[in-house]
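Fold and contact review
The primary structure of each chain is shown beneath.
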Amino acid sequence: DAFQNTWQFRSITHEEFVSLMKPIKDIINPDAILFCEFEGKPIAFIAAYPNFNDNLKNKNMLPDFLRIPFLFLKTKSYKIDIVAVKKSFVGRGIGKLLVNTILHKIQSFGCTYAEYSWVYETNQRSIRLVSSFGGKVYKTYRTYEKKIY
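The structure contained in this document is the topic of the report that follows. (Residues numbered from 1 in each chain as written. Predicted model: local features only at pLDDT ≥ 70, side-chain atom pairs only at ≥ 80, totals over all residues. Heavy atoms only, no water.)

What follows is about the overall build of the protein. Scanning the protein from terminus to terminus reveals five helices and four strands. Its helices and strands taken in sequence order, the protein reads α-β-β-α-α-β-α-β-α from the N to the C terminus. Within the span of the protein, comprising 149 residues, buried residues form 26% of the whole. As presented, the protein carries roughly 11500 Å² of accessible surface, and 57% of it is formed by carbon and sulfur atoms. (Helix = DSSP H or I, 4+ residues; strand = E, 2+ residues; numbered from the N terminus. Buried < 20%, exposed > 50% of the residue type's maximum accessible area, 1.4 Å probe, protein only. Areas by Shrake-Rupley, 256 points an atom, 1.4 Å probe, with all protein chains shown as cover.)

Spelled out as structure tokens, the structure:
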């Protein structure tokens, strides 16, 4: 229920999740995906992955097949992409615990910075969370829509 009111969210089955993850399983570090449980049931998780954009900078002129090997090089940073806490556990410091833990893990991988991306401007909890760790806004994305008749 952590994403229930999130724009364009839709629940997926376990099979759909496995299908979505299969193409990227070889480049994801399983040590950068953490779960938090209460009484044996998952209540929160965080997912981070290498920031492949670091390795692809200045490689835009290469054909895609020549850019692929750069994805497997060690990166200087990780992207924290998902922090999710079940609604009944929000406000108890679980998100902060997960972010703190993942930042220490990322540092142990030899990375010097992390990016917490795709945070909606209306998500004040996430903004306060990342700010409490010293995070600063350095990019802003906008989504535009146009009806096509």
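This paragraph deals with the environment of Y113. Mapped onto the elements of the fold, Y113 is located in strand 4 (residues 113-116). In this structure Y113 comes out as partly exposed when scored by relative accessible area, which is 36%. Sequence separation between Y113 and S77 is 36 residues, and the spatial gap between their C-alpha atoms is 5.0 Å.

Here D81 lies in strand 3 (residues 77-85). A sequence separation of 38 residues divides D81 from V119, and the C-alpha atoms of the two residues are 8.8 Å apart.

Let us look at the pattern of salt bridges. Oppositely charged side chains are able to pair whenever their charged atoms sit close together. Following the criterion strictly, the structure yields one salt bridge and no others. Ionic pairing is found between K79 and E115, a salt bridge with its closest N-O pair at 2.8 Å. Separated by 36 residues along the polypeptide, K79 in strand 3 and E115 in strand 4 bring together distant segments of the chain. (Salt bridge = Lys/Arg side-chain N within 4 Å of Asp/Glu carboxyl O.)

The next thing to look at is the side chain of S126. Among the structural elements, S126 can be located in helix 5 (residues 124-132). A distance of 3.1 Å separates the side chain of S126 from the side chain of Y116, its partner in a polar contact. The contact partners of S126, leaving out residues within four places of it in the chain, are Y116 and V119. (Polar contact = N/O pair within 3.5 Å; in protein donor to acceptor, adjacent residues only side chain to side chain. Contact = heavy atoms within 4.5 Å.)

An order of 1-2-3-4 is seen for the four strands of this open sheet, with the pairing classed as mixed. Here the strands that pair on one side only, and so sit at the sheet edges, are strand 1 (33-38) and strand 4. Each adjacent strand pair in this sheet contributes to an overall mean axis angle of 25°, direction not counted. Bridge count for strand 3 against strand 4 is four bridges, and the pairing is parallel. For I80, the partnering residue across the bridge sits in strand 4 and is Y116. Where helix 4 (residues 94-108) meets the sheet, its contacts fall on strand 1, strand 2 (41-50), strand 3 and strand 4, and the angle it forms with strand 2 comes to roughly 35°. (Pairing = 2+ DSSP bridges. Axes fitted to C-alpha atoms, helices over the stretch in contact; angles between N-to-C directions.)

Moving on to the environment of D31. Along the chain, D31 turns up in the loop between helix 1 (14-21) and strand 1. Measuring from C-alpha to C-alpha, the distance between D31 and F109 comes to 9.7 Å, with 78 residues separating the pair along the chain.

Moving on, we come to the packing of aromatic side chains. This structure, assessed with the given rule, holds three aromatic pairs. A ring pair is formed by F35 and F45, whose centres lie 5.6 Å apart and whose planes are at 20°; its orientation type is stacked. Residue F35 is found in strand 1, and its partner F45 is found in strand 2; the two are separated by 10 residues along the sequence. On the accessibility criterion, F35 (58% relative accessible area) is exposed. Pairing Y78 with F109 gives two aromatic rings, centres 5.2 Å apart and planes at 45°, and the pair type is tilted. Note that Y78 is positioned in strand 3 and F109 in the loop between helix 4 and strand 4, a separation of 31 residues in sequence. (Phe/Tyr/Trp six-rings, centres within 6.5 Å; stacked < 30°, edge-to-face > 60°.)

These figures capture arrangement, not role.
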